[in-house]
There are 2 protein chains.
Amino acid sequence: MTNTAQQNDLANAIRSLSMDAVEKANSGHPGLPMGCADIATVLFTKVMKFDPADSKWADRDRFVLSAGHGSMLLYSALYLLGYEDMTIEEVKNFRQLGSKTAGHPEYGFAEGIETTTGPLGQGIGNAVGMAIAEAKLAAEFGADIVDHYTWCLAGDGCLMEGISQEAIALAGHLKLNKLVVIWDNNNITIDGAVSNADSTDQVARFQASGWNTIEIDGHDQAAIEKALLDAKKSDKPTMIAAKTTIGFGAPKKAGTNKVHGSPLGAEELAGAKEALGITYPAFEVPAETLEAWRAAGRRSQNVRGEWLSRLGASAHKAEFERRMAGQLPAGFADAMNDYKRQLSTDKPKVASRKASQMALEIINAIVPETQGGSADLTGSNLTNTKETLPFQADNYSGRYMMYGIREHAMAAAMNGIALHGGLIPYGGTFMCFTDYARPAIRLSALMHQRVVYVMTHDSIGLGEDGPTHQPVEHMSAMRAIPNLLVFRPADAVETAECWQLALEADSMPSILALSRQNLPTVRTEHTAENLSAKGAYTLVGPADADAVIFATGSEVAIAVEAQKELTEKGVSARVVSVPSMELFNKQSDAYKAEVLGSAKVRVAVEAGIEMSWNKLLGDKGKFVGMNSFGASGKIDDLYAHFGITSDAVVEAVTSQL
Amino acid sequence: MTNTAQQNDLANAIRSLSMDAVEKANSGHPGLPMGCADIATVLFTKVMKFDPADSKWADRDRFVLSAGHGSMLLYSALYLLGYEDMTIEEVKNFRQLGSKTAGHPEYGFAEGIETTTGPLGQGIGNAVGMAIAEAKLAAEFGADIVDHYTWCLAGDGCLMEGISQEAIALAGHLKLNKLVVIWDNNNITIDGAVSNADSTDQVARFQASGWNTIEIDGHDQAAIEKALLDAKKSDKPTMIAAKTTIGFGAPKKAGTNKVHGSPLGAEELAGAKEALGITYPAFEVPAETLEAWRAAGRRSQNVRGEWLSRLGASAHKAEFERRMAGQLPAGFADAMNDYKRQLSTDKPKVASRKASQMALEIINAIVPETQGGSADLTGSNLTNTKETLPFQADNYSGRYMMYGIREHAMAAAMNGIALHGGLIPYGGTFMCFTDYARPAIRLSALMHQRVVYVMTHDSIGLGEDGPTHQPVEHMSAMRAIPNLLVFRPADAVETAECWQLALEADSMPSILALSRQNLPTVRTEHTAENLSAKGAYTLVGPADADAVIFATGSEVAIAVEAQKELTEKGVSARVVSVPSMELFNKQSDAYKAEVLGSAKVRVAVEAGIEMSWNKLLGDKGKFVGMNSFGASGKIDDLYAHFGITSDAVVEAVTSQL
């Protein structure tokens, strides 16, 4: 080890704060901050470009702590660098309710936290998305406005998770050379030695995925600095394998799993401080060391000033600022309304996936920030339009991501793209494979990110591919996730409305559940109002009907047919289309009562399970839908076999009268 | 190409049947069966050990079609080999409702289908599990009883999915040398060339994960045979990279994505048959070719006869047959009852995760077929017992899988272990990470496999790790999956009961949702009856109570406390513990009515979202639980912050009276 005394002091400030905070909370993970303190010191004080005075500076480097359990590394650094909201009090309140210093880094809690991490591997996917966004925006706005790096610190757990392979293969293929992943190679996982469960040659694995690799001693700050600077010069993404000692400095527990996720204990903590030469009291970093960190925090101020000058002189300024602010272009709402009017006139009978593509043709032409894509189902998801040339290694100006058969990394990368700002990501796969992407979809919701999931083939209407590909429980399972808009539009008009709502919901992700099969236009009279915005509304039938039939998506036409049959039988019924339960739940009590009406009978029809409908149905309502997995067969055979028909809806109504 | 005429005839029989079936169905995937026909011919007619006369022969080689969309490859082969239930009529009914020949292979539909595949990458995970089971049982029963290979055919999609990395890293680490993955290296995915989305050096990647690799021309049957036989000799798992042409033989579409997932069309089909030299009518394989296939199907009959003799002479016969039949040992139920009696006397106050470990100490001692494990959270999940020495490359007799940080592959491998037979797999992670394993959990349910998921830290009771690690929607999201038992036991007694039910449910997977925090014993009076078997039952309070309070898991004690407070206030209340909604739903109407009772007021309390409770709560019931993501903090602070307290339950009751 050749670190200077000052280098050690800087790193030990991270170690000291981290040990102290975990000890005070009596909960947390000291091992990573102690082990990666040298890496963080070099990265934050010498290499990364950022300015605590403007934590949202668009051209800052991004740092992703994929190994989110090591949150004290980040909190310590943010405090030391001078981010104003990261006070020493916050550090002392580590892991307490209401603090900015949650157990894992939570996006939006404090300046400088670029993403929420903790579920392992997600951060690598986010970092890939951030690097994609950087490359795309640099191609669009020029390197004088957009030119920064994405740095990701990952542990063994991140690399064992499957999502990491999806993410690194995508990054390697796209030659995202401004992405650097630093692997905290400490040989330890929660259960003990990595060798208990893994023998992967990680360096060879990254090379196989098209990465540049560098191997270093993660405690040698000169070597770290050289590696980080060399990584910046590569024409590929770089993985730096940094050999570290987990819990570096702890006399008995360093290098073991005992220091991963538990406080050191008073004796071991004292021993660690002694071994490291830390003589100051808990939470009291010496003024000299603190000032060295603060000076490092200020070192990119001039760079930011120059950047601001360039931006000020740029013809792109207004557009760039609009994009980074996440505001939609003027005229968007009007264009969507014009398009809706045309649809109500044309009355197309198309699948809602096709209607989605038609809507996207309008959207992509006037919203340049959409960044589309699909997990290798473009022709099925219909996520492409004439604007969407592919984003490829040799052309970063493309607006379409060929994500490959990587649903999980697609979702995590879309989170990264959204977090970066300047782009609105949307991406497609089959609705059934929301399961593959679910951990990242949950994080879209938790982080309030505008990510649009275009999930086609949304029921047994998928047909012959059978139960493995037919969503049954997925509508309910998606509706279960907090802060997620789940749309299932009934026709081309509702599809356009739902797309508009998804893009306007700037702090929520959306799922668009779309049919494979053709659907008639049921919204044949144009309304300037976006009726889907209310979540549920009366489509047809008198306000005082005896029965109300709730339906979504492809089953709305079935409900309308049933309503006709009932009318012929002399039964007064009303059809309520429910494109989004979440939006309906936000309406006023008066509006809800109006939609529910005075009907004696309630029926809901959806080609999925009942669970999410029980609240609307109440004690006596009947459900027409699925109560098992699906089957392989022709679509008409399946709807008949599972009893999702207008006859079944009629029977469900009349049996209650 | 050096194939003989007969070799070509054999392979063309697969191609012909597959083309014809897809064409007749006007739906399906001809590309893989045409491209992999040579591989399948050699594998099935020369290398694999199996006997169509006994498709469940315990020592057969297993074949997993991970690229399940190529199902006609398998159906063609099963018909040609002489599996009796795979008639030509079934082949003609490909993809029709009620046929055995579903769009993707469905386990249980026909003999010789070893697993359900289609969701990409799952089959590789299943195959790893099957190879684990083989190694474990060989160590236990000897190579004269258990000595077979697992063969897996995977496509580019399987290898792009993250689960594949988890699975191959696990297999490489464990040196599962009787596992062979054949990669259908055809350069094509649905969206076009693999090079649109991937540049991975797959051979180098597998080598980095500890695999033997072989590269061949996938249309040269001699080379295929040599590779398969060489793979059998390796001391590592083997990946055979077989260069193929998708849709081999199709004059215009071969080698393109046009032949992946659509019928050829009449003209292209005719052209393909002409190019391949297929002169016979659709579905009519010439007698000579069919007999050659059938003879190959019979070629292991002697080997099976010798195996039967060895088994008949073995001291292990009865135990081996019990294990393969999936029957629990005699005395299991009695032992669990004795243990329950002791618990009701001892009244331990332990976390249900600890109670699970205590139950496992009893179970593992008398049920030798349990194969435990954890995704690197052993000390948190408490899935280990004194019986569970690790299963490692140098000791396959171990009963504990160190799965690594690979929740998805753990679940898929457990499916493979269960499908293999002879073992009952259980494995742990945090309840929140059911999301990571969800696609494989769904397949456990779809395949009716006895897999036990030990999911600890099941609520905000997890505490300081915060919202990324706190399940909120997960109880409802798990309950949404058909054919899955979701248990949330209230104390050590219920935990024992739920474990017993999970093991006795031999055609369903189970989730055990278990607390991090300590829970008092609420079942202080022993019952020989397994009360949890009814799904819900009255724990305390009079049958004619004015209020009924439903609760699960850690909230049962809160409900009991509330019941006491209500009694003191003069309000008559009854607490119903609901360890499993699924089992309650199966009870008689009379029993359900008894449990619901005549109470005017219904309240449910669970530290999760409301969705799955609405059916029980009805129009007027109130829910005490979560309606947002959680937070990082001390457990008591969190329960108070989110209002999940006995006071809140009391208020929910009294506000309705």
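Everything numeric in this text was worked out from a predicted model, so none of it was measured.

**Q** Describe the pairing of strand β2 (residues 150-154) of chain A, with residues and values.
**A** Residues and elements named next belong to chain A. Most of β2 sits inside the fold, with five of its five residues counted as buried. The alternating pattern of β2 places T150, C152 and A154 on one face and W151 and L153 on the opposite face, and all of these are buried. As judged from the four bridges shared by strand β1 (residues 62-65) and β2, these two strands associate in the parallel manner. Across the sheet, residue L65 finds its bridge partner in β2, namely L153.

**Q** Outline the relation of the copies chain B and chain A, supporting the account with residue identities and numerical values.
**A** Two copies of a chain can be linked by a rotation about an axis combined with a shift along that same axis. Each copy superposes on the other: chain B lies on chain A with an RMSD of 0.0 Å after a rotation of 180 degrees and an axial shift of 0.0 Å. Taken together, the turn and the small shift mark the pair as related by a two-fold rotation axis. Residue G162 of chain B, judged by its C-alpha, is the member of chain B lying nearest the rotation axis, at 1.9 Å. Of all interface residues in chain B, 100% are interface residues in chain A too; the two copies therefore contact each other through one and the same surface.

**Q** Tell me about the interface of chain B and chain A, residues and numbers included.
**A** On the side of chain A, 94 residues touch chain B, which itself brings 94 residues to the contact. Interface of chain B and chain A: buried area, both sides summed, is about 7,700 Å²; carbon and sulfur atoms make up 56% of it. The partner of R95 of chain A in a salt bridge is D465 of chain B, with the nearest N and O atoms 2.7 Å apart. On inspection of chain B and its partner chain A, the count reaches 52 residue pairs in polar contact (both at pLDDT 80 or more). Here the side of chain B that touches chain A gets eight residues from one element, more than from any other, and that element is helix α19 (residues 434-446) of chain B. Counted by class, the side of chain B that touches chain A contains 34 nonpolar, 37 polar and 23 charged residues.

**Q** Lay out the UniProt feature "active site" (unreviewed entry) in chain A in plain terms, naming residues and giving numbers.
**A** When the UniProt feature table is mapped onto this chain, "active site" (unreviewed entry) is found at E407 of chain A. Within the fold, E407 of chain A resides in helix α18 (residues 407-420). Apart from residues lying up to four places away in sequence, E407 of chain A is in contact with E166, A375, T429, F433, Y436 and A437 of chain A together with E161 of chain B.

About the cut-offs
- Residues numbered from 1 in each chain as written.
- Chains lettered and ligands numbered in written order.
- Predicted model: local features only at pLDDT ≥ 70, side-chain atom pairs only at ≥ 80, totals over all residues.
- Heavy atoms only, no water.
- Buried < 20%, exposed > 50% of the residue type's maximum accessible area, 1.4 Å probe, protein only.
- Helix = DSSP H or I, 4+ residues; strand = E, 2+ residues; numbered from the N terminus.
- Pairing = 2+ DSSP bridges.
- Least-squares fit on C-alpha atoms with pLDDT ≥ 70 in both.
- Contact = heavy atoms within 4.5 Å.
- Buried area = accessible area lost by both parts, 1.4 Å probe.
- Salt bridge = Lys/Arg side-chain N within 4 Å of Asp/Glu carboxyl O.
- Polar contact = N/O pair within 3.5 Å; in protein donor to acceptor, adjacent residues only side chain to side chain.
- Nonpolar A, V, L, I, M, F, W, Y, C, P; charged D, E, K, R; others polar.
- UniProt positions renumbered as here; feature names shortened; annotations may be inferred.

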